[in-house]
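The primary structure of each chain is shown beneath.
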Amino acid sequence: QVQLVESGGGLVQPGGSLRLSCAASGSINAIYVMGWFRQAPGKQRESVATITSSGSTVYADSVKGRFTISRDNAKNTMYLQMNSLKLEDTAAYLCMARVVPSLREYWGQGTQVTVSS
């Protein structure tokens, strides 16, 4: 079992920045990839960025150059630094962890990011 708790969401103006955090607990040694996903009202959930236990990252085209995903293994925490935020970044942001060997996915409860002027 893995528990994930997100924090750091909020209201920000276009062009602003936010940093999301995802604290993991439980069977953290089994985690091999973590990621941030987002879901806006009426839209499908989409992958924003993922990071493996070795530090390899993948970003959605829509956030490349603006968002940075990172992990602090000592703190069992994953981050998403979001810069140059746009109106279309407004969504609930969810943290995901996939474990081995089952490849089961665990999800946090989500944190709301609203970009508005």
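Here, every reference points to the structure presented above.
Everything in this summary refers to the structure shown in the same document. (Residues numbered from 1 in each chain as written. Predicted model: local features only at pLDDT ≥ 70, side-chain atom pairs only at ≥ 80, totals over all residues. Heavy atoms only, no water.)

### Remarks on the pattern of salt bridges
Link 1 in the chain: For the coordinates displayed, the defined rule picks out five salt bridges.
Link 2 in the chain: A salt bridge links Arg38 to Glu46, with the shortest nitrogen-to-oxygen separation between them at 2.6 Å.
Link 3 in the chain: Overall, the relative accessible area of 34% leaves Glu46 in the partly exposed class.
Link 4 in the chain: We note a salt bridge from Lys64 to Asp61, for which the minimum N-O separation is 3.1 Å. Per residue, the accessibility class of Lys64 equals that of Asp61, and both read exposed.
Link 5 in the chain: Bridged by salt links that share partners, the residues Arg38, Glu46, Arg66 and Asp89 form one connected network. (Salt bridge = Lys/Arg side-chain N within 4 Å of Asp/Glu carboxyl O. Buried < 20%, exposed > 50% of the residue type's maximum accessible area, 1.4 Å probe, protein only.)

### Side note on the pairing of strand E1 (residues 2–7)
Along any regular strand the residues' side chains alternate between the sheet's two faces.
Link 1 in the chain: Going residue by residue along E1, you find Val2, Leu4 and Glu6 tucked away on one face and Gln3, Val5 and Ser7 left uncovered on the opposite face.
Link 2 in the chain: When E1 meets strand E3 (residues 18–26), the two strands line up antiparallel, connected through six bridges. What sits directly across from Gln3, in E3, is Ser25. (Helix = DSSP H or I, 4+ residues; strand = E, 2+ residues; numbered from the N terminus. Pairing = 2+ DSSP bridges.)

### Things to note about unusual backbone geometry
Comment: phi is negative for the bulk of residues other than glycine, and the bulk of peptide bonds are trans.
Link 1 in the chain: With omega at 0°, the peptide bond leading from Val100 into Pro101 counts as cis.
Link 2 in the chain: Residue position: Pro101 is located in the loop between strand E9 (91–99) and strand E10 (105–107).
Link 3 in the chain: For Ser84, which is not glycine, the phi dihedral falls at a positive 50°.
Link 4 in the chain: Position of Ser84 among the secondary structure elements: in the loop between strand E8 (77–82) and E9.
Link 5 in the chain: By relative accessible area, which is 41% here, Ser84 ends up partly exposed.
Link 6 in the chain: You will see that Leu103, though not glycine, has its phi angle at about 65°, which is positive.

### Considering the sheet that holds E8
Link 1 in the chain: Strand order in this open sheet of four strands is E1-E3-E8-E7, and the pairing throughout is antiparallel. Every other strand in the sheet has two partners, leaving E1 and strand E7 (67–72) as the edge strands with one partner each. Taken pair by pair, the neighbouring strands of this sheet meet at an average axis angle of 15°, ignoring direction.
Link 2 in the chain: Of the strand pairs in this sheet, E7 and E8 are connected by six bridges, and their pairing is antiparallel. Within the sheet, the bridge partner assigned to Phe67 lies in E8 and is Met82. (Axes fitted to C-alpha atoms, helices over the stretch in contact; angles between N-to-C directions.)

### Focus on the nonpolar core
Link 1 in the chain: By size, the foremost hydrophobic cluster in this structure holds 31 residues, and its most contacted members are Leu4, Met34, Trp36, Leu80, Met82 and Tyr93.
Link 2 in the chain: At the level of elements, E1, E3, strand E4 (31–39), strand E5 (46–52), E7, E8, E9 and strand E11 (111–115) are the ones that each hand at least two residues to this core.
Link 3 in the chain: Broken down by element, this core gets its largest block of residues, five residues, from E9. (Core = buried A, V, L, I, M, F, W, Y, C linked by side-chain atoms within 4.5 Å.)

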